[in-house]
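Structure assessment
So the chains spell out like this:
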Amino acid sequence: MMKRVLSGMRPTGRLHLGHLKGALENWKKLQDNYECLYMIADWHALMSDYASSENLSENTYQILLDWLACGISPEKSIIFCQSKVSSHAELYLLLSIITPIGWLERNPTYKEQIKELQNVDLSTHGFLGYPVLQAGDILLYKATTVPIGIDQLPHLELTREIVRRFNHFYGKTFEVPEALLTETPKLPGIDGRKMSKSYNNAIFISDQEAETEKKIRTMITDPARIHPTDKGHPDVCNIFSFQTAFNLPRAKEIEDLCKEGKIGCVACKKELSLCVNEALKEPREKRKTLEKDRKYLLDILNEGNRYAGKIAEETMVKIREKVGFYG
Ligand code: TRP
Ligand code: SF4
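Residues numbered from 1 in each chain as written. Chains lettered and ligands numbered in written order. Predicted model: local features only at pLDDT ≥ 70, side-chain atom pairs only at ≥ 80, totals over all residues. Heavy atoms only, no water.

1. Details of the pairing of strand β4 (residues 145-148)
Going by this rule: Only protein chains enter the accessibility calculation, which uses a 1.4 Å probe. A residue is then buried if its area is under 20% of the maximum for its type, exposed if over 50%, and partly exposed in between. Counting from the N terminus, the helices are DSSP H or I runs at least four residues long and the strands are E runs at least two residues long. The path from the first strand over the helix to the second decides the hand: if it runs clockwise while the strands point away from the viewer, the crossover is right-handed.
On β4, burial covers both faces: Thr145 and Pro147 on one face and Val146 and Ile148 on the other are all buried. Tracing the backbone out of β4, into helix α9 (residues 153-170) and back to the parallel element strand β5 (residues 178-181) gives a crossover that is right-handed.

Quick look at the structure:
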């Protein structure tokens, strides 16, 4: 039997190249070797920003469009929406009962987010329980393999702790799941910080070609280079990170030319723009076609929700029995 993968993303808007390189390309490959469940984590999105929920529904469609555009296939994978499978809420409650508060307060991702995101209120009961909901997501489907970025590792570690605790109290029910870390070339935003919608430094999968070119044109390169003949340092250049991600066959040559001062940044950026736009050509076209067909998108989710709901309910029946509720 194929091993089962579960992963998810919060619907917070259109996806960018960081998502493409950091997750989607890997998700796409996994589809051929695992039974994959890909979940739109709308409960998690609400938890992280409950005061602005006005785009939740639209963002759900947007993220689905980006997934489909990038090759996540409803034929191969189960694509579904967290809030439509009510078992997520039920298992969250149960797991929250057995999870010590100290574990959650010590979670480095939690501490970091509280510190970094000053403009949203994260001091809620729900947000503290974010990883508990995530643990439930994984356990409902008995997923053994969880592809995540390194920032999510503390959350998976908590899932593993919660599994051990559950098994200890109520008898062996779950396997301890494993993280599948995505190895990705580091892809900065156009200002050099981590690519993120909230930093306003992202190149989106759905950007127009000219927009992409303009964003790349404005990026800062090696600050030591003033003339195109100055010797460059690709290792400190943001453009070069993109060259390795989108123009790998030429990256070594560009690296050498740059170090010798034989390629100018303008030419280097031009070449990169062409490569990025070429890589995004098909996803963008696919997205354009699909975005006109809301009915098709809804059908995909309905089907995925139904399928996921069935697996989840089967798990819940076992869990309720283990815990000892009547019936
Ligand atoms: N917390 C994850 C993120 O923000 C999204 C997520 C929710 C997830 N549930 C999950 C990831 C279960 C992996 C498994 O990226
Ligand atoms: Fe960066 Fe390319 Fe300029 Fe070298 S030539 S500094 S790699 S943009």
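2. Considering the site of ligand 1
The following threshold applies: Definition of nearness: a residue and a molecule or strand are near each other if at least one heavy atom of the residue lies within 4 Å of the molecule or strand. Residues adjacent in sequence count toward polar contacts only when both atoms are side-chain atoms; beyond that, a polar contact is any pair of N or O atoms within 3.5 Å, and within protein one must be able to donate a hydrogen and the other to accept it. Accessible surface is estimated by sampling points in the Shrake-Rupley manner with a 1.4 Å probe; for residues, cover comes only from the protein chains shown.
Residues in contact with ligand 1 amount to 14 residues; listed here are only the nearest, Arg10, Tyr130, Gln134, Asp137 and Gln152. Between ligand 1 and Arg10 there is a distance of 3.2 Å, counted from an oxygen atom to a side-chain nitrogen or oxygen. In this structure, Gln152 approaches ligand 1 through a side-chain N or O atom, which is 3.1 Å from a nitrogen atom. Starting from 370 Å² of accessible surface for ligand 1 in isolation, the protein chains cover 92%. Those elements that provide at least two residues to the shell around ligand 1 are β1 (4-9), α8 (130-140) and β4.

3. Re the site of ligand 2
The condition is simple: Grid spacing is 1 Å over the protein atoms alone, the probe is 1.4 Å, and a cavity is where that probe fits but cannot get out, while a pocket is an open set with protein on both sides within 12 Å along at least five of seven lines and lining residues have an atom within 4 Å of a point. Assignment to a cavity or pocket requires that more than half of a molecule's atoms be within 2 Å of the site's grid points. Just so you know the grouping, Ala, Val, Leu, Ile, Met, Phe, Trp, Tyr, Cys and Pro go in nonpolar, Asp, Glu, Lys and Arg go in charged, and all remaining residues, Gly too, go in polar.
Taken together, Thr221, Asp222, Arg225, Cys237, Ile239, Phe240, Cys258, Ile263, Cys265 and Cys268 make up the full set of residues near ligand 2. Taking a 2 Å distance to the grid points as the criterion, the majority of the atoms of ligand 2 fall inside the largest cavity. Looking at the shell around ligand 2, the elements with two or more residues in it are α11 (238-246) and α13 (265-291). Broken down by class, the residue content of the shell around ligand 2 amounts to seven nonpolar, one polar and two charged.

4. Observations regarding the packing of helix α3 (residues 56-69) against α13
Convention followed: Geometry is summarised by axes, namely lines fitted to C-alpha atoms with helices restricted to the contacting stretch, and by angles between N-to-C directions that run from 0 to 180 degrees. Our angle categories are set so that under 35 degrees counts as roughly parallel, over 145 as roughly antiparallel, 65 to 115 as roughly perpendicular, and the remainder as oblique. The hand of a helix crossing depends on one turn: near helix anticlockwise from the far one by less than a right angle means left-handed, and clockwise means right-handed. Contacts are assigned to residue pairs that have any heavy atoms within 4.5 Å of one another.
Packing of α3 against α13 leaves a shortest axis separation of 8 Å and a crossing angle of 135 degrees. If you check the angle between α3 and α13, you find them oblique. In this structure, the crossing between α3 and α13 has a hand that is right-handed. Taking contact as the criterion, the partners of Gln62, Leu65, Asp66, Leu68 and Ala69 in α3 are, on α13, Pro283, Lys286, Arg287, Leu290 and Glu291. Of the residues that constitute the contact of α3 with α13, the class distribution is five nonpolar, one polar and four charged.

5. Side note on the packing of aromatic side chains
Basically, it comes down to this: Pairing of aromatic rings covers Phe, Tyr and Trp, the last through its six-membered ring, and needs centres within 6.5 Å; plane angles under 30 degrees mean stacked, over 60 mean edge-to-face, and all others mean tilted. Only Lys NZ and Arg CZ are tested; either one counts as a charge over a ring when it is within 6 Å of the ring centre and within 35 degrees of the ring normal.
Under the counting rule described, the total for this entry stands at nine aromatic pairs. A network of ring pairs unites the aromatic residues Phe166, Phe169, Tyr170 and Phe174 as a single cluster. The ring of Tyr199 has Arg193 sitting right over it, with the charged end atom 4.1 Å from the ring centre. Across the ring face of Tyr61, the terminal group of Arg294 is positioned such that the distance to the ring centre comes to 4.0 Å.

6. What to know about the domain arrangement of the protein
Reports often express the size of an interface as the amount of accessible area lost when the parts come together. Stated precisely, the cut-off is as follows: In this document the domain limits rely on a domain assignment from an automatic tool or a database. Here the quantity called buried area is the total loss of accessible area, with a 1.4 Å probe, experienced by two parts when brought into contact, counted for both. Here a salt bridge means any side-chain nitrogen of Lys or Arg lying within 4 Å of a carboxyl oxygen belonging to Asp or Glu.
Taken domain by domain, the protein holds domain 1 (4-187 + 294-323) and domain 2 (207-288). Distance from the C-alpha centre of domain 1 to the C-alpha centre of domain 2: 34 Å. Residue-level contacts link 13 residues of domain 1 with eleven residues of domain 2. Summed over both partners, the interface of domain 1 with domain 2 buries about 1000 Å², with 64% contributed by carbon and sulfur atoms. By the criterion of area lost to domain 2, the three top residues of domain 1 are Leu17, Ala69 and Leu187, representing 42% of everything that side buries. Here domain 1 and domain 2 share two salt bridges between them. Asp207 serves as the salt-bridge partner of Arg14, at 3.6 Å between the closest nitrogen and oxygen. For the interface between domain 1 and domain 2, the tally reads four residue pairs in polar contact (both at pLDDT 80 or more). At the level of secondary structure, the elements contributing two or more residues to the side of domain 1 that touches domain 2 comprise α1 (17-30) and α3. Looking at side-chain class alone, the side of domain 1 that touches domain 2 contains eight nonpolar, one polar and four charged residues.

7. Observations regarding the layout of surface pockets
Spelled out, the test is: Grid points are joined across faces, edges and corners, and a volume is the space filled by probe spheres set on the points.
If you add up the space inside the second largest pocket, you get close to 270 Å³. Elements represented by at least two residues in the lining of the second largest pocket include exactly α1 and α13. For the lining of the second largest pocket, the leading source of residues is α1, giving five residues. In terms of residue class, the lining of the second largest pocket is made up of seven nonpolar, one polar and five charged. Summarising the domain contributions, the lining of the second largest pocket has at least three residues from each of domain 1 (4-187 + 294-323) and domain 2 (207-288).

8. Overview of the side chain of Lys21
Inspection of the secondary structure assignment puts Lys21 in helix α1. Look past the residues within four positions of Lys21 in its chain and what remains in contact with it is Thr184, Leu187, Ala245 and Phe246.

9. Some details on the pairing of β1
So the rule is basically this: Strand pairing is assigned whenever DSSP identifies at least 2 bridges connecting the two strands.
When you tally the buried positions in β1, you get five out of six residues, the bulk of the element. Two strands pair when backbone bridges link them, and β1 and strand β2 (residues 35-40) are joined in this way by six bridges, in the parallel orientation. Bridged to Gly8 within β2 is Met39. Handedness of the crossover joining β1 and β2 through α1: right-handed.

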